[in-house]
Amino acid sequence: MDPVSAFDEPLKKLLGGATAKVMAEHLDLHTVGDLLHHYPRRYEERGRLTALTELPLDEHVTVVAQVADARIMMFNNGRGKRLEVTLTDGSGRLQLVFFGHGVHKPHKELLPGRRAMFAGKASVFNRKMQLAHPTYQLLDAHDEEEATEAVDAFAGQLLPIYPACKQLDSWRIAKAVDTVLPSAQEAVDPLPPALREGRGFVPLPEALLRIHRPQTKADIAAARDRLRWDEAFVLQVALARRRYADTQLPAKARGSVSGGLLDAFDATLPFTLTEGQQKVTREIFDALATEHPMHRLLQGEVGSGKTLVALRAMLRVVDAGGQAAMLAPTEVLAQQHHRSVTEMMGELAEGGMLGGSDLGTKVVLLTGSMGTAARRQALLDLVTGEAGIVIGTHALIEDKVQFHDLGLVVVDEQHRFGVEQRDALRSKGKQPPHLLVMTATPIPRTVAMTVFGDLETSVLDQLPAGRSPIASHVVPAKDKPHFLSRAWERVREEVENGHQAYVVCPRIGDDADEAAEKKGKGKKQAAPEDDAEKRPPLAVLDIADQLAKGPLAGLRVEVLHGRMPADDKDDVMRRFAAGQADVLVATTVIEVGVNVPNATAMVIMDADRFGVSQLHQLRGRVGRGSAPGLCLLVSEAHEASPARARLSAVAATLDGFELSRIDLEQRREGDVLGQAQSGVRSSLRVLSVIDDEEVIAAAREEAVRVVADDPGLERLPELRTALDALLDKDREEYLDKG
């Protein structure tokens, strides 16, 4: 049989229509290859019984146990009957119940002393744990003596427990796997033989056999090691090929120009760049000077000076006759970037023609809510090249926007910005422009290598001198209400000392907000364990009102949220930045890029409803000047809850990379990789982005070596086949756009 077709065989052919339909609809398994890559989640030892005392409630469970007792009970004056079966495993007891016509078969089969594997949802009835209508499979022979022999023979055998669904239990999946397992012999091994032998991996057919039907625990370990490597390696080869293809694209080199705009700008800087900024700048400038497009991720802590690094790269490109575009996720942020760039550049931002003797250039703003005249002028400045720098939102991507010579695109906060949009802007250059993606969310190295693996990475991990430390504390509002009163006193003290404060709430509190909440959208920020909380998240409009009338009466309290008109938002931010407001009550619209050095205190209401990285981002808005910052995390979560543990972790460290690791461990992997990366995520079965850093790093090195040696993988047809399987249409597009 042709090796490709064995794995591509539809399951319907081998398993029958009904089973194949359930597998396709509920487990996303369609072919023999899909099923062979549906690995067991864990293994039961047949001779060892699961502890019935430790069953999780309301979860689909699988237990191996012995029948202690079985009896038919009548109810409804004899019209109804149910079978009650008691199981034991030596540690505890569990009741099974079957109703109606479903009692006949189990009544005949589940006799005292019989042992079987049972699956169902654990629930409580009359204060007793029970499984209602479980499916089961007998594990022994019919007479007592034979049964004992069978159990002894099976003792120590590892039973695979598969990720299952309500419609299809683990052992039904196991039976289906038995049917397709012979095809494992046809598996095409993607690892180059030298690599496989050098690392001592078992061949792929053997790894598949061992993971599904292990004889020993060593079999499982060897199989996992091998399969984990395959996943990491094939994915890293895909990313390495993408990076290699980028190096083959033409781009205009933007080399240095002495005595230009950049030199003039540097001469006005009142400080010297940190070592980190200098190192990262060298990496970026070297990449800009090459004739293929730079694709670089610049990650740096809040306040590490990313904007300055990006601005100097933009000025370098303008010096070299090109234009630079900076893309921000929101209008507030675009306006703010525009303001801070023009302030930093001073008169250099008021220039005439590009490349003329006059050193300055025009810095224009382009957002969706601009007036027609201003917009027309901005578009004209771009197409003529009058504007060397444009800052805007996704309005920059519209078809109408034409550039004179787009040389560099800077994207702020990549995770808020789809790859398609990044791609659309990139297509606006005569040749592909250079790309710099900035993020203030520290990304663990493994995620950077997996999700952003098509970008080279530069890290700014040093804070500029003069940044103040931020003290963070959890305020348990429910257990200790006087702590919250003290929090408002601290805010007043900061204001009395001439400083300003933020108060952050999870939602706005207007009618649209309520409607969204009713539709179930309002929980976007909620952590999983908060779903049980009945109280809606605290809202900006309510809290601002309460504070202005209560604990902060007499202070100038303003509100800011995403649904205000753009002009109003900008007006509020401008007044706050100018010190004309004392307290800004806002949603997370202030999370990114808002820079008010005089703001020293932040109170985050319902802090447990935000993620770890988000709290870290928000906190980075204070302590930006010379006075120390204070961040108070207000929560009604119970002291022993995971939510409180998260908050304590945030309060305990200012190291964003440490927090991003905690965040990663507390969330499911899928959340981390995000929906945009669904193709990549669904291909990870045994590889853990959290735990397997060494595997991913080693696989990346090997992948780079293999692709450099053989970019088209001409000599490695098996690896090419594996790549085709990984990169179906969607994933290929995702990587292309990345």
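Residues numbered from 1 in each chain as written. Predicted model: local features only at pLDDT ≥ 70, side-chain atom pairs only at ≥ 80, totals over all residues. Heavy atoms only, no water.

### A closer look at the overall build of the protein
- A tally of regular secondary structure across the protein gives 29 helices and 21 strands.
- Burial statistics for the protein: of 738 residues in total, 54% are counted as buried.
- Sequence-distant contacts in the protein: of pairs separated by 6 or more residues, those separated by 24 or more amount to 74%.
- Carbon together with sulfur atoms contributes 51% to the accessible area of the protein, which is approximately 32,800 Å² in total. (Helix = DSSP H or I, 4+ residues; strand = E, 2+ residues; numbered from the N terminus. Buried < 20%, exposed > 50% of the residue type's maximum accessible area, 1.4 Å probe, protein only. Contact = heavy atoms within 4.5 Å. Areas by Shrake-Rupley, 256 points an atom, 1.4 Å probe, with all protein chains shown as cover.)

### Concerning the environment of Ala221
- Of note, Ala221 is situated in helix α10 (residues 217-248).
- Judged by its relative accessible area of 40%, Ala221 falls in the partly exposed class.
- Remark: the alpha-carbon pair of Ala221 and Arg210, spanning eleven residues in sequence, is separated by 9.1 Å.

### Thoughts on the nonpolar core
- In this structure, Ile284, Met345, Ile389 and Leu408 are the most contacted members of the largest nonpolar core, which totals 36 residues.
- Those elements that place two or more of their residues in this core are α11 (261-268), α12 (275-288), α13 (306-319), β10 (323-327), α14 (331-345), β12 (387-392), β13 (406-412) and β14 (434-439).
- Counting 33 residues, the second largest nonpolar core, distinct from the first, contains Leu15, Leu29, Tyr43 and Cys165. (Core = buried A, V, L, I, M, F, W, Y, C linked by side-chain atoms within 4.5 Å.)

### A few points about the sheet that holds strand β19 (residues 583-586)
- The sheet built from six strands is open, its strands ordered β16-β21-β20-β17-β19-β18 with parallel pairing. Looking at strand neighbours, the two that pair on one side only are β16 (470-476) and β18 (557-560), the edges of this open sheet. Adjacent strand axes in the sheet meet at a mean angle of 20° when their direction is disregarded.
- When strand β20 (residues 599-604) meets strand β21 (residues 629-635), the two strands line up parallel, connected through four bridges. Counterpart to Ala601 in the pairing with β21 is Leu630.
- Contacts from helix α23 (residues 642-652) reach β16 and β21 within the one sheet, and its direction differs from that of β16 by about 160°. (Pairing = 2+ DSSP bridges. Axes fitted to C-alpha atoms, helices over the stretch in contact; angles between N-to-C directions.)

### Section: the pairing of β18
- Going residue by residue along β18, you find Glu558 and Leu560 tucked away on one face and Val557 and Val559 left uncovered on the opposite face.
- Across four bridges, the pairing between β18 and β19 is parallel. Its bridge partner lying in β19, Val559 is registered against Val585.

### Structural notes on helix α21 (residues 566-577)
- With twelve residues, α21 extends 16 Å from end C-alpha to end C-alpha; this agrees with the ideal 16 Å at 1.5 Å per step.
- Of all the residues in α21, the buried ones are Ala566, Lys569, Asp570, Val572, Met573 and Phe576. Axial view of α21: buried residues confined to an arc of 160°, hence all on one face.
- Where α21 is buried, its residues touch α14, β17 (500-504), β18, β19 and β20.
- The positive-phi residue at the C-terminal boundary of α21 is Gly579, with phi of around 80°. (Expected span 1.5 Å × (residues − 1). Arc of directions from axis to C-beta.)

### Concerning the side chain of His434
- In this structure, His434 sits in strand β14.
- For His434, a relative accessible area of 1% translates into the label buried.
- A distance of 3.0 Å separates the side chain of His434 from the backbone nitrogen of Met294, its partner in a polar contact.
- Those residues in contact with His434 that lie beyond four places of it in its chain are Ala251, Lys252, Arg254, Ala287, Leu288, Thr290, His292, Pro293, Met294, Gly407, Leu408 and Val409. (Polar contact = N/O pair within 3.5 Å; in protein donor to acceptor, adjacent residues only side chain to side chain.)

### Some remarks on the sheet that holds β14
- One open sheet accounts for seven strands, arranged β11-β12-β10-β13-β14-β9-β15; its pairing is parallel. Single-partner strands in this sheet number two, and they are β11 (362-366) and β15 (456-460). Averaged over all neighbouring strand pairs, the angle between strand axes comes to 20°, with direction disregarded.
- As judged from the five bridges shared by β11 and β12, these two strands associate in the parallel manner. By the bridge assignment for β12, Leu366 is matched with Gly392.
- On the sheet, helix α15 (residues 372-384) packs against β10, β11 and β12 and is oriented at approximately 130° with respect to β11.

### Description of the side chain of Ser458
- Among the structural elements, Ser458 can be located in strand β15.
- Within the structure, the side chain of Ser458 is placed 2.8 Å from the side chain of Arg296, a separation counted as a polar contact.
- Look past the residues within four positions of Ser458 in its chain and what remains in contact with it is Val280, Glu283, Arg296, Leu297, Leu298 and Gln299.

### Examining the packing of helix α22 (residues 612-619) against α23
- One way to put it is that α22 packs onto α23 with a least axis distance of 10 Å and a crossing angle of 40°. One way to sum up the angle between α22 and α23 is to call them oblique. The two elements α22 and α23 cross, and the hand of that crossing is right-handed. Along its contact with α22, which presents Val612, Leu615 and Arg619, the element α23 presents Arg646, Leu647, Val650 and Ala651.
- For the contact of α22 with α23, the residue count by class is five nonpolar, no polar and two charged. (Parallel < 35°, antiparallel > 145°, perpendicular 65-115°, else oblique. Left-handed = near helix turned anticlockwise from the far one by under 90°. Nonpolar A, V, L, I, M, F, W, Y, C, P; charged D, E, K, R; others polar.)

### Things to note about the environment of Glu702
- Examined against the element boundaries, Glu702 turns out to sit in helix α27 (residues 693-709).
- Residue classification places Glu702 among the buried positions, given a relative accessible area of 14%.
- Every residue in contact with Glu702, bar those within four places of it in the chain, is listed here: Leu195, Arg199, Trp229 and Phe233.

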